[in-house]
Amino acid sequence: MSVAAQPPLPRLGLGGRLAEARLARGLELRDAERETRIRARYLAALEDEEFDLLPGDAWGLVFLRTYASYLGLEPTEYAEEFRRRRGVRAARLGTVIARVPRRRLGLRRR
């Protein structure tokens, strides 16, 4: 089969692109674990797109953004794809802050 007649390679998914970026940098999962402080099993879950193995979608987004940044990738692009695939809505900052008890913020009632 000639080069021109070969079918195009399938586009890698989110996890495949993460693994490809890691391997292109000559890194092992344990190297990424040490540098990002994210357990290797969660990094592997991201690369294998086994998102149910993550400790929730919120942590999955944090891990994904951190890992993508570490690999020199655009974290927002990966986070948007993750949200789309998992059906996660982006929370507004005000909504998140409103749920933090006032005493934890060091605020007192008047």
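Residues numbered from 1 in each chain as written. Predicted model: local features only at pLDDT ≥ 70, side-chain atom pairs only at ≥ 80, totals over all residues. Heavy atoms only, no water.

Caption draft 1: Main features of the packing of aromatic side chains. For the coordinates displayed, the defined rule picks out 3 aromatic pairs. When the ring of Tyr42 is compared with that of Phe63, the centres are 5.4 Å apart and the planes differ by 25°; the resulting orientation is stacked. With Tyr42 in helix H3 (residues 40–47) and Phe63 in helix H4 (residues 57–70), this pair connects stretches of sequence that are 21 residues apart. Here Tyr42 matches Phe63 in class, with each residue buried. Centre to centre, the rings of Trp59 and Phe63 are 5.7 Å apart; their planes meet at 40°, and the pair counts as tilted. Taken together, the residues Trp59 and Phe63, both in helix H4 and 4 residues apart, mark about one turn of the helix. (Phe/Tyr/Trp six-rings, centres within 6.5 Å; stacked < 30°, edge-to-face > 60°. Helix = DSSP H or I, 4+ residues; strand = E, 2+ residues; numbered from the N terminus. Buried < 20%, exposed > 50% of the residue type's maximum accessible area, 1.4 Å probe, protein only.)

Caption draft 2: Quick peek at the pattern of salt bridges. Applying the stated criterion across every chain, the model contains 7 salt bridges. Between Glu81 and Arg17 there is a salt bridge; the shortest N-O distance is 2.6 Å. Within this pair, whereas Glu81 is found in helix H5 (residues 75–86), its partner Arg17 is found in helix H1 (residues 14–24), the two being separated by 64 residues in sequence. For Glu81, a relative accessible area of 15% gives the class buried. Overall, Arg17 belongs to the buried group, its relative accessible area being 12%. Residues Glu81 and Arg85 are paired through a salt bridge, measuring 3.8 Å at the closest nitrogen-oxygen approach. Separated by 4 residues within a single helix, Glu81 and Arg85 lie in helix H5, roughly one turn from each other. Several salt bridges share partner residues, and in doing so they unite Arg17, Glu49, Glu81 and Arg85 into one network. (Salt bridge = Lys/Arg side-chain N within 4 Å of Asp/Glu carboxyl O.)

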